[in-house]
Structure formats: structure tokens, C-alpha cells
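The residues making up each chain are set out below.
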Amino acid sequence: MGNKNQLGLKNDVATRWNSTFYMLERILHLKPAIAGTLLKLPSSGIEFSREDWNICEKVVTILGIFEEATKLLSGSESCNSSCIPIVTTIIQSLETTSGDDDMITMQQAMKTAMEIRFLNMEKTEHYSIATLLDPRFKHYFFRSQDACHAAKKSILTQLDSFLPSLNEPKPISKGTSLTGFSNLMKNIIAQSQATTNQSSNSRLTKEVLNDSLDSQIFSDCLDFCKIYEKNSSGRVKLALAKIAKKFLTPPPTSTDVERLFSTAGDILTNERNRLLPENLEKLLFCRENLPNVNFRY
């Protein structure tokens, strides 16, 4: 009775899927107490068989993967490049050919639902390009190789837009004494040179992109991008760094923003209802950014 760390059972909430996970996890955590209590209350009509406990353990294992994925996507440092790898990991974790029939049916149903829900994710440019350019994931998590190739092609197209063709054909001056036929011959040569330079640029962009994708996995995306941009001397690598900044910036969910709104509600209370909007904005800014400079209160 004097134990301050008493734990109770948790209820399932229809509007929150992870409440089922937390409910079953708490039941397993309190298994000895629940089993002992039910033995003393045979008239309750509640009974847990060994099979029931086994099913709870397996369901918690499966739902635990979804819970961990949710936390990864909801983190303040997460970006949309995490979406495809997380979905692929969940789908592969649900692949099974052995075990209880009920559990196999459940996993297959969840796997099918995941595949249907995220059918077009790899075809969506801001997900696929971000995944390719993230040094933690690259091309290893694509389930569709066609989608991976399409993302590579899109990156190359954007690189080409950053890199106009070198040695563009010089216009022939009007004061030249060449005949009209000679002018045509000069134009043909100039156009051929421009095509050759453009092909050379395309080969260079492909080499830079392939080198980036074939390099070693780097665990810290932000540090990698800083180092890559700092050590980039060629225009192609600098252009690739710009594209990475563009696609690795958006967060995958609005969870972090919603947490900031909750913080604003904690600051602007009835007792502080005369706080000016600009001061509230400054407090929120400090609350979010001081940890980034390792500030200690």
C-alpha cells in the first residue's frame, strides 16, 4: 500500500491506435499480479490461458514496430526521407510464413493494408528524391526499382538545370567576310560542339550522383551534408548539395509543430494573459533553438 510506484491497467481508446499497444504492454508487465488476482477471484469469470498470453506477447511485438516507427517519424530531427525506409521496414517485418494461423492472418492483413495505403509513396518525388539523397538510406529501401530509377532521373534533370552547357556556340559576327555557305558550315560545327559539351556534362552529373549513392552509409545526415558541401569543389557537387537542402528540409509530420503549439499554450495562460505576441514569439524561439547551441539553463 505504501508503494508510490503503483501501476494500474490502461484502457483502450478508439481514436488512438497505440492505446491498444500500451494496454496490452501494461497487461504483460503486470502478468504476475493479474494471474495471482484472478486465482483468488474464480467467480469473476475472467480467465487467461497460456495461449491468450502468447497471443498478447506476439501482438505487442508486432504493434511495437509501429510504435517505434511513429516515434521516429514524430521526432524533431526527422525529415521526409525517413518515410520510405520506415514503410519498407514495417512491410518486411510483417512478412511471415510460419506461426499461428491467426497471427499469420493478422500480419498478412496489416501488410496488405500498408501496401495499399502507401502504394504511390515511392512514386512521389519529394519522398523518393529525399530518400536517395539521405546518406543513411540512399537506394537500399526502395521496393520498386522503377521508382528508384525515376528518382535518379529526376535528380539528373534538376542537376542539368543547375548546370548550363559549357562552351556554348559563339554567334558569328555580322562583320565577317565569310560567304553564306561558310556561315552554315560554321554553325553546324558550333552546334555539334554544343551537343558534345552537353553530353559531357550529362556524363559528369551521372558520375557524381553514382559516386554519392555508392559511398558509405553515414549515420548523421546533417553532418554529412555540411561536410559534403564544404569539400565540394566542382559545380556538379555544389548543385547536388543544393538539391539535397531542398528535399531534406521538410518534416514528415506536423507533430513537432503541434508540440510547439502546446508549448505556447503552456506559456500563455490565464495568469499571463497580458503577454505581448512578440514576447511570446521570442520565448517560443528560445525554447526551440537554445538546445541547438547546447545552452544549459
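The shown structure was predicted, so the numbers you read here are calculated from the model rather than taken from an experiment.

Rules of the game
Residues numbered from 1 in each chain as written. Predicted model: local features only at pLDDT ≥ 70, side-chain atom pairs only at ≥ 80, totals over all residues. Heavy atoms only, no water. Helix = DSSP H or I, 4+ residues; strand = E, 2+ residues; numbered from the N terminus. Expected span 1.5 Å × (residues − 1). Buried < 20%, exposed > 50% of the residue type's maximum accessible area, 1.4 Å probe, protein only. Contact = heavy atoms within 4.5 Å. Salt bridge = Lys/Arg side-chain N within 4 Å of Asp/Glu carboxyl O. Phe/Tyr/Trp six-rings, centres within 6.5 Å; stacked < 30°, edge-to-face > 60°.

Enquirer: An account of helix H3 (residues 50–74) is requested, with residue identities and associated values reported.
Expert: Given a rise of 1.5 Å per residue, 25 residues ought to cover 36 Å, and the 36 Å separating the end C-alpha atoms of H3 matches this to within 8%. Those residues of H3 that fall on the buried side of the exposure criterion are Trp53, Cys56, Val59, Val60, Ile62, Leu63, Gly64, Phe66, Glu67, Ala69, Leu73 and Ser74. Where H3 is buried, its residues contact helix H1 (18–29), helix H2 (31–40), helix H4 (83–93), helix H5 (101–117) and helix H11 (255–267).

Enquirer: Account for the pattern of salt bridges, naming residues and giving values.
Expert: Taken as a whole, this structure holds 6 salt bridges when the rule is applied. With its nearest N and O atoms 2.8 Å apart, the salt bridge here joins Lys111 to Glu115. With Lys111 and Glu115 both in helix H5, this residue pair falls 4 residues apart, about one helical turn. Of the charged contacts in the structure, one is a salt bridge between Lys245 and Glu229, with a shortest N-O distance of 3.0 Å. In this pair, Lys245 sits in helix H10 (residues 235–247) while Glu229 sits in helix H9 (residues 221–230), placing the two residues 16 residues apart along the sequence. A residue is classified by how much of its surface remains accessible, and Glu229, at 30% relative accessible area, is partly exposed.

Enquirer: So, the side chain of Ser212: which residues are in play, and what are the values?
Expert: With respect to the secondary-structure elements, Ser212 resides in helix H8 (residues 180–214). Judged by its relative accessible area of 16%, Ser212 is buried. When residues no more than four places from it in sequence are discounted, the contact partners of Ser212 are Lys138 and Leu240.

Enquirer: So what about the environment of Met114? Which residues, and what values?
Expert: Structurally, Met114 can be placed in helix H5. The exposure class assigned to Met114 is buried, which follows from its relative accessible area of 10%. Sequence separation of Met114 and Leu94 is 20 residues, and the distance between their C-alpha atoms is 9.8 Å.

Enquirer: Report on the packing of aromatic side chains, specifying residues and quantitative values.
Expert: Evaluation of the coordinates by the stated rule reveals 6 aromatic pairs. Note on Phe218 and Phe224: the rings are 5.5 Å apart at their centroids and 50 degrees apart in plane angle, and the pair reads as tilted. A network of ring pairs unites the aromatic residues Phe218, Phe224 and Tyr228 as a single cluster.

By themselves these figures say nothing about function.
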